[in-house]
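Tertiary structure, described
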Amino acid sequence: MGFGHLGEGRLKNSSYESSQVDAQGARPLPTINHACVRNALWSGAFGSFAMNTDTREIWGKADPLTDINLKNLEGLEANNHRALIVHRQEIKKELLDYLGYSMMFDEAFPEIDPKERYTLQTGANAIAAYFRTIFTNQAPFQLWLKGNKDAMTEQQKRGAELFFGKAGCVNCHNSASLNGQRFAAVGVKDLDMNGYEVFKPMMAGLRVVPFYFKG
Ligand code: HEC
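About the cut-offs
Residues numbered from 1 in each chain as written. Predicted model: local features only at pLDDT ≥ 70, side-chain atom pairs only at ≥ 80, totals over all residues. Heavy atoms only, no water. Helix = DSSP H or I, 4+ residues; strand = E, 2+ residues; numbered from the N terminus. Contact = heavy atoms within 4.5 Å. Areas by Shrake-Rupley, 256 points an atom, 1.4 Å probe, with all protein chains shown as cover. Near = heavy atom within 4 Å. Polar contact = N/O pair within 3.5 Å; in protein donor to acceptor, adjacent residues only side chain to side chain. Nonpolar A, V, L, I, M, F, W, Y, C, P; charged D, E, K, R; others polar. Donors = N, O, S within 2.8 Å, 3.2 Å for Na, K, Ca; no water. Phe/Tyr/Trp six-rings, centres within 6.5 Å; stacked < 30°, edge-to-face > 60°. Buried < 20%, exposed > 50% of the residue type's maximum accessible area, 1.4 Å probe, protein only. Lys NZ or Arg CZ within 6 Å of the ring centre and 35° of its normal. Salt bridge = Lys/Arg side-chain N within 4 Å of Asp/Glu carboxyl O. Expected span 1.5 Å × (residues − 1).

A look at the overall build of the chain
From N to C terminus, the chain includes nine helices and zero strands. The order of helices and strands in the chain, counted from the N terminus, is α-α-α-α-α-α-α-α-α. Of all intrachain contacts in the chain linking residues separated by at least 6 positions in sequence, the fraction that spans at least 24 positions is 57%. Of the roughly 13900 Å² of accessible surface on the chain, a fraction of 58% belongs to carbon and sulfur atoms.

A closer look at the site of the ligand
The environment of the ligand is made up of eight residues, and the closest members are Pro30, Cys169, Cys172, His173 and Ala184. With respect to the ligand, the side chain of His173 contributes an N or O atom lying 2.8 Å from a nitrogen atom. Here the residues of the shell around the ligand sort into six nonpolar, two polar and no charged.

Details of the side chain of Thr55
Within the element layout of this structure, Thr55 appears in the segment before helix H1 (64-69). Side-chain polar atoms of Thr55 contact the backbone oxygen of Asn52, separated by 2.6 Å.

Focus on the coordination of the iron atom of the ligand
With respect to protein ligation, the iron atom of the ligand binds only His173 (NE2), at 2.0 Å. Inspection of the secondary structure assignment puts His173 in the loop between helix H8 (154-164) and helix H9 (199-203).

Description of the packing of aromatic side chains
As enumerated under the stated definition, the model contains five aromatic pairs in all. Seen from their ring centres, Phe105 and Tyr118 are 6.3 Å apart, and the 40 degrees between their planes marks the pair as tilted. Here Phe105, found in helix H4 (residues 102-108), pairs with Tyr118, found in the loop between helix H5 (114-117) and helix H6 (120-131); they are 13 residues apart in sequence, far enough to count as distant. For the pair formed by Phe105 and Tyr118, the shared burial category is buried. An aromatic cluster of three or more residues is present, and its members are Phe105, Phe109 and Tyr118. Positioned above the aromatic ring of Tyr118, the side-chain terminus of Lys93 is 5.3 Å from the ring centre. Geometry around Trp144 places Lys149 over its ring, the cationic atom sitting 4.6 Å from the centre.

Focus: the pattern of salt bridges
Scanning all chains against the criterion turns up six salt bridges. As a salt-bridge pair, Lys93 and Asp97 come within 2.9 Å of each other at their nearest N and O atoms. Of this pair, Lys93 and Asp97 both sit in helix H3 (residues 93-99), four residues apart, roughly one helical turn. Overall, the relative accessible area of 32% leaves Lys93 in the partly exposed class.

Quick word on the environment of Leu143
Here Leu143 lies in helix H7 (residues 140-145). Judged by relative accessible area, which is 28%, Leu143 ranks as partly exposed. What Leu143 contacts, discounting residues up to four positions off in sequence, is Asn137, Gln138, Asn148 and Ala151.

As for unusual backbone geometry
Backbone geometry follows two general trends: most residues other than glycine have a negative phi, and most peptide bonds adopt the trans configuration. At Asn72, a position not held by glycine, the phi torsion is positive, near 60 degrees. Structurally, Asn72 is set in the loop between H1 and helix H2 (75-86). For Leu178, which is not a glycine, the phi torsion comes out positive at approximately 65 degrees. Secondary-structure assignment places Leu178 in the loop between H8 and H9. Judged by its relative accessible area of 30%, Leu178 is partly exposed.

A word on H6
An ideal rise of 1.5 Å per residue puts 16 Å on 12 residues; H6 measures up with 16 Å between its terminal C-alpha atoms. Among all positions in H6, only Gln121, Thr122, Gly123, Ala124, Ala128 and Phe131 are buried. In this structure, the buried side of H6 is in contact with H2, H4 and H5.

Following this line, the structure appears as structure tokens:
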């Protein structure tokens with residue numbers, strides 16, 4: 001419960017056991033334009049492609065990430081699968097029947113054997129597919145790129161000129177989604193390194209080490 005830039009205002013809800021606290025040690029990525037991102041999590045640790053290609057030999061042996069990355073998934077699918085486990089979610093037929101979701105799984109995954117159809121992995125795939133629909137494709141800049149010359153104000157156009165010109169933003173922000181498709185050290189500690197109670201017990205032993213950066 002509560003807030004605080006570094007977690008200092010966060011208190012454990014007294015009705016929970018320590019083991020039930022769901023605090024994450026690192027802030028998640030924004031949910032927009034994920035379709036353009038092949039490696040997920042703050043460190044890029046999820047996903048077997050892009051920067052993680054051919055780095056298997058240095059993936060942690062006993063790391064919970066490794067199992068999921070070994071499935072050859074994109075970052076989004078891997079991240080969502082792991083998140084369902086971390087957040088102790090269950091996906092099984094009886095539950096989906098009860099919630100009215102089974103038919104949707106049948107429609108989405110007809111090619112998957114019913115024995116494998118109602119699982120954390122198909123659930124994760126569905127969530128990832130949903131993420132891929134969240135785009136900033138209605139932003140004035142996007143509409144302008146599509147040919148609507150009135151979509152941007154004069155001030156916005158001057159900003160774009162700066163962004164792609166003198167200010168040099170495009171040197172780093174240069175992919176389809178204007179991120180850099182790379183990871184940078186930003187000098188901010190993970191929340192679990194700050195000593196506040198909510199993050200400490202939860203994250204001990206669950207640390208995600210960015211062990212497979214290439215280069
Ligand atoms: C040297 C590389 C570099 C340059 C040049 C650069 N950025 Fe960034 N920018 C980054 C990185 C790295 C991040 C991610 C920082 C983080 O996650 O804390 C970022 C994040 C951002 C974000 C937040 C995006 C988000 O989804 O949270 C905005 C907005 C932004 N930059 C705008 C700009 C603008 C405007 C300029 C030009 C004036 C600029 N950047 C120049 C590297 C750069």
